[in-house]
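Overview (structure and organization)
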Amino acid sequence: MAFQKVSWVYWISFLVVFTNSFLSSFGYICDVPQEWFQDINGTKAHNSNNSLWINGIVKYRFHPSLSKEDRVEVWKAFEEYHSKTCIRFQPWRKGDPDYTEIMVDSEVCGRAEICRKGGYQFTKFGNDCRSMAVMIHELGHTLCLYHEQQRPDRDDFLDFGNCDEDEIFPIAQFSDELSSAIYDYGSQMHYQCKTCLGGWPSTSGVTKCGIDITPGLSVIDADNINRLYNCQGCYRHRWRPIENLTPDDVNNMYNFGYKSSYGYIYPCRGLVNGEISVGKYSVRSKVCTVSHQGLEYELERGAEVLTIPGGRNQHGATYRLINQRHVKFPENVIEAAVFAGRKSEDEGAGPTFIAFATLKTGLLGTEDSIGMVGLQKGQFQNAIVTINKKVVTVENYLILVCS
Ligand SMILES: [Zn+2]
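The numbers attached to residues start from 1 for each chain and follow its sequence in the written order. Under the rules for a predicted model, residues below a pLDDT of 70 receive no local features and side-chain atom pairs below 80 are neither given nor counted, while totals for whole chains, interfaces and linings still include all residues.

1. Things to note about the overall build of the protein chain
Cut-off, in case you're wondering: Helix and strand definitions follow DSSP, with helices as H or I runs of at least four residues and strands as E runs of at least two, each counted in order from the N terminus. Each residue gets a C-beta atom placed from its backbone, and two residues are in contact if those atoms lie within 7 Å.
A count of helices and strands for the protein chain gives seven helices and 26 strands. Put simply, of all contacts in the protein chain between residues at least 6 apart along the chain, 64% involve residues at least 24 apart.

Here's what the structure looks like:
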């Protein structure tokens, strides 16, 4: 794993130059010293359970510098975490030992201390960055997330062209285990692309990054947080890389009885031309088969299979399939649906869900498949699945939900 050590002084001097000159043109730049990403009390922040917020509860205080409008943006950021993860932001009360103070700082776009420090810490936004999106990003750091463009494998996905070495964010020292197998251009923790800070996407079909794609947490951001905090209930499903599935992962895979002519199939997903496509994983072939714009793709790596640790039913939180045709109130289903993928940028980049379908083949035969379905005006669209090497749209299908 490549790792570039950059000294504190060097990093600060770089940030001072760039924070001032590119504040608005870059979307956001968060002024977090590189050192904070590496060692907290001698352990890597990500790898130390001590630095996670206990039970995912983050106590906060509002600093008087926040205007009414600022508070609205912060509330919206909290709501984003509350609706997609098990993280809960709760007001600080006397006696709570650890908390973050949320404040405005006119010297920065955003700045936050990484992970739970113990005692007081801060989460800031400022200038023309006082938005929900920047607050979601900074709270991501408070919760222990790094920048996506600092992942150890980022050079496989970003090109830094003619940028000088000192303009490029170094790769952070954190474990591969803790990020998704899919590089997430749509992460709220990704800097804006086409700059030396965010890099130029080198995957075909991808032209934008971060804040441009996802107004809130991306599907994968939420999955990463739910994994980091070992969230339970309807947040307990985990997407696992197909190239290193453990026996436990295989036990936790659910096919709901769906089987193709080449064996049992399970929901999987992978990045194809800017779309996180959802499809079917076959244990026999060890391949995740997905579709993108009418073509079938077989992914052998960089794809993930859905697992549901604890089983389909656990303490009243049940994963099950429902027929979208029998649903009177689609919005209730959308709330319970398992978010899985993302449409490509040219198709609106919205989230997609997992669709199970049984199709007729010939006069008597049927074949099961798993694919994806998106939303339009709050309604489910036709699902897209692959069958016998063809991509088909399906009107009748089941959706994976949890409630
Ligand atoms: Zn940041």
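Still more to cover.
2. Examining helix 5 (residues 219–228)
The test is simple: The burial label depends on the number of other C-beta atoms within 10 Å of a residue's C-beta. Counts of 20 or more mean buried, 12 or fewer mean exposed, and intermediate counts mean partly exposed, with C-beta atoms placed from the backbone.
Across the ten residues that make up helix 5, a large majority, eight, are buried. Here the buried face of helix 5 lies against helix 3 (68–84), strand 10 (238–241), strand 13 (275–282), strand 19 (339–342) and strand 20 (351–361).

3. Looking at the pairing of strand 20
Short version of the rule: Any two strands with at least two DSSP bridges between them are considered paired.
Across three bridges, strand 19 lies against strand 20 in antiparallel orientation. Counterpart to Gly341 in the pairing with strand 20 is Thr352. Pairing of strand 20 with strand 21 (residues 365–373), which is carried by nine bridges, proceeds in the antiparallel orientation. Bridged to Ala355 within strand 21 is Gly371. Sheet topology note: the strand 20/strand 26 (residues 398–402) ladder contains two bridges and is antiparallel. Within strand 26, the residue paired with Phe356 across the bridge is Leu398.

4. As for the sheet that holds strand 4 (residues 88–91)
Pairing between sheet strands relies on hydrogen bonds along the backbone, with the strands arranged either parallel or antiparallel. Counted only if it meets this: The convention used is that axes are lines fitted to C-alpha atoms, helices contributing only their stretch in contact, and that angles between N-to-C directions extend from 0 to 180 degrees.
Strand order in this open sheet of five strands is 4-3-5-7-6, and the pairing throughout is mixed. Strand pairing shows two members of the sheet lacking a second neighbour, strand 4 and strand 6 (110–112), which therefore form its edges. Averaged over all adjacent pairs, the angle separating strand axes in this sheet is 30°, with direction ignored. Bridge count for strand 3 (residues 57–62) against strand 5 (residues 99–104) is three bridges, and the pairing is parallel. Bridge pairing in strand 5 links Phe62 to Ile102. Across the sheet, helix 4 (residues 132–142) lies against strand 3, strand 5, strand 6 and strand 7 (120–125), angled at about 155° from strand 7, the strand it touches most.

5. Quick word on the packing of helix 3 against helix 4
To be explicit about the condition: We call two directions roughly parallel when the angle between them is under 35 degrees, roughly antiparallel when it is over 145, roughly perpendicular when it lies between 65 and 115, and oblique otherwise. Handedness of a crossing is defined here by the sense of rotation of the near helix relative to the far one, left-handed for an anticlockwise turn of less than a right angle and right-handed for a clockwise turn.
As a packed pair, helix 3 and helix 4 sit with axes 8 Å apart at the nearest point and diverge in direction by 55°. On the basis of the axis angle, helix 3 is oblique to helix 4. The two elements helix 3 and helix 4 meet at a crossing, and its hand is right-handed. For the pair formed by helix 3 and helix 4, the contact residues are Glu73, Val74, Lys76, Ala77, Glu80 and Tyr81 on the first element and Met132, Met135, Ile136 and Leu139 on the second.

6. A word on the confidence of the model for the protein chain
Condition: Confidence of the predictor in every single residue is expressed as pLDDT, which spans 0 to 100.
In the predicted model, the protein chain carries a mean pLDDT of 86, and the fraction of residues at 70 or more is 86%. Within the model, the stretch residues 1–26 combines pLDDT values under 50 with 29 contacts to residues more than four positions away or in other chains.

7. With respect to the nonpolar core
The condition that has to hold: A set of buried Ala, Val, Leu, Ile, Met, Phe, Trp, Tyr and Cys residues, joined through C-beta atoms within 7 Å, is what we mean by a nonpolar core. Per the annotation, domain bounds derive from an automatic or database assignment of domains.
Counting residues in each nonpolar core, the largest one holds 88 residues, and the members touching the most others are Ile354, Ala355, Met372 and Ile399. For this core, the element with the highest residue contribution is helix 4, accounting for six residues. For this core, the domains that each give at least three residues are domain 1 (8–228) and domain 2 (234–402). Setting aside residues up to four positions removed in sequence, Met372 forms contacts with Ser277, Val278, Ala340, Gly341, Thr352, Phe353, Ile354, Ala355, Ala383 and Ile384.

8. Remarks on unusual backbone geometry
Although it is not a glycine, Asn273 adopts a positive phi angle of roughly 45°. For Asn273, a count of 16 C-beta atoms within 10 Å gives the class partly exposed. A positive phi is found at Asn388, a non-glycine position, where the angle reads about 45°. Secondary-structure assignment places Asn388 in the loop between strand 24 (383–387) and strand 25 (390–394). Classification of Asn388 by C-beta neighbours within 10 Å gives exposed; the count is 12.

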